[in-house]
Amino acid sequence: MTAIQYSILIVEDDRHLQKILSDLLKEKGYNVLNAFDGEEALNILVSHTPHLILLDLILPKKDGFEVLKTIKDNYKTKNIPVIVLTNLEGSADIEKALELGAETYLVKANYKLEEILDKIKKVIK
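Residues numbered from 1 in each chain as written. Predicted model: local features only at pLDDT ≥ 70, side-chain atom pairs only at ≥ 80, totals over all residues. Heavy atoms only, no water.

1. Observations concerning the packing of helix α3 (residues 64–73) against helix α4 (residues 91–100)
Then comes step 1: For the pair α3 and α4, interaxial distance at closest approach is 9 Å and the crossing angle is 20°. Comparing their axes, α4 and α3 come out roughly parallel. Here α3 runs over α4; the crossing is left-handed. Between α3 and α4, the contacting residues are Phe65, Leu68, Lys69 and Lys72 on the first element and Asp93, Lys96, Ala97 and Leu100 on the second.
Then comes step 2: Looking at the contact of α3 with α4, its residues break down into 4 nonpolar, no polar and 4 charged. (Axes fitted to C-alpha atoms, helices over the stretch in contact; angles between N-to-C directions. Helix = DSSP H or I, 4+ residues; strand = E, 2+ residues; numbered from the N terminus. Parallel < 35°, antiparallel > 145°, perpendicular 65-115°, else oblique. Left-handed = near helix turned anticlockwise from the far one by under 90°. Contact = heavy atoms within 4.5 Å. Nonpolar A, V, L, I, M, F, W, Y, C, P; charged D, E, K, R; others polar.)

Okay, here's the thing in structure tokens:
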């Protein structure tokens, strides 16, 4: 499968970061869906099934933990891998996200865009 056949939902309320990630993934051939809050992400998942979700935890309307729990509790979406990409660095937050079913947990400040892209490639394969 080539990258263009893969779709990624980016759930990020920082519009600048959302655009940077979206542009990078599109440039690499991915189909990108964007949500700016947790509610919007869940609405998108009603009609689309992406191959991967990049999920921030600090979001308006529904936080990332609620979104992750809803995704993993739904038989239609539970197998979609979720990469948490957030600024929350606390071990309790990391543990909670992984317990809820996140594939991996990345702290934004600790990763460059290319490293995030590498993580995405590894999870999708």
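Still to come is the rest of the account.
2. A few points about the pairing of strand β2 (residues 31–35)
Then comes step 1: Direction of pairing for strand β1 (residues 7–11) relative to β2: parallel, over a ladder of 5 bridges. Bridge pairing in β2 places Ile8 opposite Val32.
Then comes step 2: Following the backbone out of β1, through helix α1 (residues 15–27) and into the adjacent parallel β2, one traces a crossover that is right-handed. (Pairing = 2+ DSSP bridges. Right-handed = clockwise from strand over helix to strand, strands pointing away.)

3. Description of the packing of aromatic side chains
Then comes step 1: Across all of its chains, the model carries 0 aromatic pairs by this definition.
Then comes step 2: Residue placement shows Arg15 over the ring face of Phe36; its charged tip is 3.8 Å from the ring centre.
Then comes step 3: Across the ring face of Phe65, the terminal group of Lys96 is positioned such that the distance to the ring centre comes to 4.4 Å. (Phe/Tyr/Trp six-rings, centres within 6.5 Å; stacked < 30°, edge-to-face > 60°. Lys NZ or Arg CZ within 6 Å of the ring centre and 35° of its normal.)

4. Examining a negative patch on the surface
Then comes step 1: On the surface, Glu27, Glu114, Glu115 and Asp118 cluster together into a patch of negative charge.
Then comes step 2: Considering every element that reaches the negative patch, the biggest residue donor is helix α5 (residues 113–124), with 3 residues.
Then comes step 3: In this structure, Glu27 sits in helix α1. (Patch = residues over 30% accessible without salt bridge, like charges linked within 9 Å, V, L, I, M, F, W, Y side chains within 5 Å. Areas by Shrake-Rupley, 256 points an atom, 1.4 Å probe, with all protein chains shown as cover. Salt bridge = Lys/Arg side-chain N within 4 Å of Asp/Glu carboxyl O. Lys, Arg positive; Asp, Glu negative; His and termini not counted. Charge placed at Lys NZ, Arg CZ, Asp CG, Glu CD.)

5. Points about the environment of Asp56
Then comes step 1: Mapped onto the elements, Asp56 comes out in the loop between β3 (52–55) and α3.
Then comes step 2: Given a relative accessible area of 3%, Asp56 falls into the buried group.
Then comes step 3: Residue contacts for Asp56: discarding those within four places in its chain leaves Val11, Glu12, Asp13, Gly64, Leu85, Thr86 and Lys108.
Then comes step 4: Separated by 3.4 Å, the side chain of Asp56 and the backbone nitrogen of Ile58 make a polar contact.
Then comes step 5: Within the local environment of Asp56, its side chain forms a polar contact with the side chain of Lys108, the two groups lying 3.3 Å apart. (Buried < 20%, exposed > 50% of the residue type's maximum accessible area, 1.4 Å probe, protein only. Polar contact = N/O pair within 3.5 Å; in protein donor to acceptor, adjacent residues only side chain to side chain.)

6. A word on the packing of α1 against α5
Then comes step 1: The contact between α1 and α5 brings their axes to 11 Å, and the two run at 60°. Overall, the two elements α1 and α5 adopt an arrangement that is oblique. Crossing hand, α1 versus α5: right-handed. Contacts between α1 and α5 involve Ile20, Leu21, Leu24 and Leu25 from the former and Leu113, Glu114, Ile116, Leu117 and Ile120 from the latter.
Then comes step 2: Here the residues of the contact of α1 with α5 sort into 8 nonpolar, no polar and 1 charged.

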